[in-house]
Amino acid sequence: MENIRRVLSVIVLNEDGVLSRISGLFAGRGYNIDSLTVAPVPNTNLSRLTIVTSGNQRVLEQIVKQLHKLIPTYKVIESAEFVEKEMALVKIPLNEDFNGLDAMLKAYNGTIANSGENFIVVMVADDSKRVDNFLKAIKKYNPIEMVRGGSVALDV
Amino acid sequence: MELSGSQMVIEALRRENVSVVFGYPGGAIMNVYDEVYKQDYFQHILVKHEQAAIHAADGYARSSGDVGVAFVTSGPGFTNAVTGLATAYMDSIPMVVISGQVPITMIGTDAFQEIDAVGISRPCVKHNYLVKDVKDLPRILKEAFYIAKSGRPGPVHVDIPKDVTAHIGKFEYPETIKMQTYKPTYKGNVRQIKKAVEAIANAKRPVLYIGGGAINSNASEVVREFAKITGIPAVETLMARGVMGDENPLLLGMLGMHGCYSANMAMSEADIMIAFGPRFDDRVTGKLSEFAKHAKIIHIDIDPSSIGKIVPIDYPIVGDLKNVVQGMIPLAKEKVDSSKYKSWRDLLNRYNEIHPLKYDDSDDVIKPQWVIERVGELLDGDAFITTDVGQHQMWTAQFYPFSFPRQFVTSGGLGTMGFGLPAAIGVKRAFPHKTSINFTGDGSILMNIQELMTAVEAKTPVINIILNNKFLGMVRQWQTFFYDKRYSSTDIQVQPDFVKLVESFGGVGYRVTTKEEFDTALQDAIKSNKVAMIDVQVDRLENVLPMVPAGGTLYNMMLEYKE
Ligand SMILES: Cc1ncc(C[n+]2csc(CCOP(=O)(O)OP(=O)(O)O)c2C)c(N)n1
């Protein structure tokens, strides 16, 4: 069976240990986590996890059912249509030639987030594939460090 | 009402109508034990090892259907309990296990007897809690009992730090419970049920595949009725033995690795399979690509994640089995013509005649299967049977005449040696006036032998029947078949004197080498009303047959072993 990438939003009670239940479920049953982000849902006792995973159809079905089976799980959303964004930060040394950087940032919805004596930090927020591309392209400025945030997604 | 955390535990147990707790004290849970001392709502049975506390609570739960309860202390007390939790979890047994923990102020410091208990129990319980505030304790205990017994049952672990057991808080025990995130589905989808019954009515070769869910949902009666009105032949898993009753002409027997020929052939040749709460375990299915190849599958289960986990399902129905089958019965009465399956039943009965479950009895040496059949003959039909794990377990499943659900208490999913004796104690505590027999092996019995002391002390006279082959028999059998008889670490001729051993604990013992001696010993053991051990010297090299070798196909069983 074919390997499929899937973005899941999991709404859970915001209580002690809930993240370990979820990560433990994935580890124990041999499911993949490509990325995972968590944050509280404002004005509720809930948290929202966005999990990017992959597997064949059978495995993906099991992942959703197993997530549902956890007692603190309120909802698992696996809609086919959603806005997905991931953020990345890249630190670049100042002594580089920044020719073309502006255009590149523009192409990826990026900006300069901060600058110091010897470096600047640029950020982009885009879908994961495009963040991949951006991080490849930015290499020519010899980045010192890069970090990406994992996907967040909202179904539409 | 203002209570300490420890008093809350007692009060919650009282409100849950708990009549017995199995446990073992220690530093972190001493406050709770102090309250145990002061109360007389429930009995506390002191085991000799925490693993046994969990198995005993488990045996109590399996036989009675009520939630089993156990107490253990932090650190080693808890880690000893883990095998028990995993055993109960794999077989979906309702249980609440309360462990002590080091005080909250010390958690994370590697304090004396500190271990991350909820971290360890997480993958082997239905749910767990670390109680951080005494004000949450009443709600947590209420939820623990509710979660344990509702939906697909399972063990729930509550870890309580010592300072929380001393803190005082308001005790308000919720009468009813509604959880925001946990709502099991009991009622099956009516349209799906209708479609399923129509599919059955159109089939020619239906088979009922009955699993442990039928026990958990107390569905035995409706399952028997459904089988009767439809005339559909049935097979049972290890966990479902007793659901149909062995007298039932529609029951073919157990299926799977050591199932009978007709049961496995029924699965292989059926055109529709009606799965009543089984979980398609690999010991049942054999090679998946060949499993029930010609059958459409209806799967009824209360746990959605069980449906479609192993094989694709044509008619999934999520719901409580009893509830769903009750819904199927009137439709089946209307639509299903039981005479239509007559030739199918005849065929399966013929399979049974050609290849029945059998063994070659002998006058020179006792055959283990004979012992099991004989116990079935000598005892009234309402004795409870527990087992350990190995050949004796499979022979019991094959040859004991089970007649009612919950009669057979055995560790299926985890296959835990050492389960039998403590579980038999739990059974005896639940049914003091019924006979509680534990069929065990010379290997398994030594894994929780210390519990003979518990049985004597708690006045739970269980009868252990050792089918003593001086081998770790089941492993030896695999070595015979698949490892050229290299008996690596399975030939155990050095043994204790089991008679003296049980006598030293205050029980009665018998060493049996002939059939006559066995009859006398069993009758004597029952009459004595004491904890008993019958050491039956059986044929050392008997094999469990038939057998589907791991990864083999159900329709290609090994019926005989030839050198
Ligand atoms: C705790 C545990 N350890 C190891 C095993 C593996 N195992 C399965 S059956 C068996 C042999 C059991 O021997 P015995 O209790 O003498 O029973 P017999 O098979 O001879 O009837 C072993 C070692 C197990 N099931 N459980």
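Fair warning: this is a prediction, and the values are worked out from it, not measured in the lab.

Definitions and limits used
- Residues numbered from 1 in each chain as written.
- Chains lettered and ligands numbered in written order.
- Predicted model: local features only at pLDDT ≥ 70, side-chain atom pairs only at ≥ 80, totals over all residues.
- Heavy atoms only, no water.
- Helix = DSSP H or I, 4+ residues; strand = E, 2+ residues; numbered from the N terminus.
- Buried < 20%, exposed > 50% of the residue type's maximum accessible area, 1.4 Å probe, protein only.
- Contact = heavy atoms within 4.5 Å.
- Domains from an automatic or database assignment.
- Buried area = accessible area lost by both parts, 1.4 Å probe.
- Salt bridge = Lys/Arg side-chain N within 4 Å of Asp/Glu carboxyl O.
- Polar contact = N/O pair within 3.5 Å; in protein donor to acceptor, adjacent residues only side chain to side chain.
- 1 Å grid on protein atoms, 1.4 Å probe; cavity = no way out; pocket = protein on both sides within 12 Å on 5 of 7 lines; lining within 4 Å.
- Points joined across faces, edges and corners; volume = space filled by probe spheres on them.
- Nonpolar A, V, L, I, M, F, W, Y, C, P; charged D, E, K, R; others polar.

## Re the environment of Asp91 of chain B
Residues and elements named next belong to chain B. Considering the arrangement of structural elements, one finds Asp91 in the loop between α4 (76-90) and β5 (95-101). The exposure class assigned to Asp91 is buried, which follows from its relative accessible area of 9%. Asp91 sits 285 residues away from Gly376 along the chain, and the two C-alpha atoms are 25 Å apart. The residues contacting Asp91, other than those within four sequence positions of it, are Arg62, Asn216, Met239, Thr410, Ser411, Gly412 and Gly413.

## Let's talk about the domain arrangement of chain A
Residues and elements named next belong to chain A. Taken domain by domain, chain A holds domain 1 (4-78) and domain 2 (83-155). Of note, the centres of domain 1 and domain 2, computed from C-alpha atoms alone, are 28 Å apart. Across the boundary between the two partners, domain 1 contributes nine residues, which contact nine residues of domain 2. Regarding the contact of domain 1 and domain 2, the summed buried area is about 610 Å², with carbon and sulfur atoms giving 50% of it. Our count for the contact surface shared by domain 1 and domain 2 stands at two salt bridges. Our enumeration of links across domain 1 and domain 2 arrives at four residue pairs in polar contact (both at pLDDT 80 or more).

## A closer look at empty space enclosed by the protein
All names here are of chain A. Applying the stated criterion across every chain yields a total of one cavity of 30 Å³ or more. Taken as a whole, the largest cavity encloses approximately 50 Å³ of empty space. In this structure, the largest cavity is lined by Val7, Leu8, Ser9, Ile77, Glu78, Ser79, Phe82, Ala153, Leu154 and Asp155. Elements that contribute at least two residues to the lining of the largest cavity include exactly β1 (4-13) and β8 (145-155). Grouping the constituent residues of the lining of the largest cavity by class yields six nonpolar, two polar and two charged. If you count residues domain by domain, the lining of the largest cavity takes at least three from each of domain 1 (4-78) and domain 2 (83-155).

## Quick notes on the interface of chain A and chain B
Often the size quoted for an interface is simply the accessible area lost on bringing the parts together. Across the boundary between the two partners, chain A contributes 18 residues, which contact 19 residues of chain B. Buried surface at the junction of chain A and chain B, both sides included, amounts to about 1600 Å², of which 47% is carbon and sulfur. If you sort the residues of chain A by the area they bury against chain B, Arg21, Arg58 and Ile71 of chain A come out on top, with a joint share of 41%. Our enumeration of links across chain A and chain B arrives at two salt bridges. Across the pair Asp16 of chain A and Lys132 of chain B runs a salt bridge whose closest N-O atoms are separated by 3.0 Å. Here chain A is connected to chain B by nine residue pairs in polar contact (both at pLDDT 80 or more). Of all the secondary structure elements, the ones that give two or more residues to the side of chain A that touches chain B are α1 (18-28), α2 (57-69) and β4 (73-77) of chain A. Here the side of chain A that touches chain B gets five residues from one element, more than from any other, and that element is α2 of chain A. Its residues assigned to classes, the side of chain A that touches chain B comprises six nonpolar, six polar and six charged.

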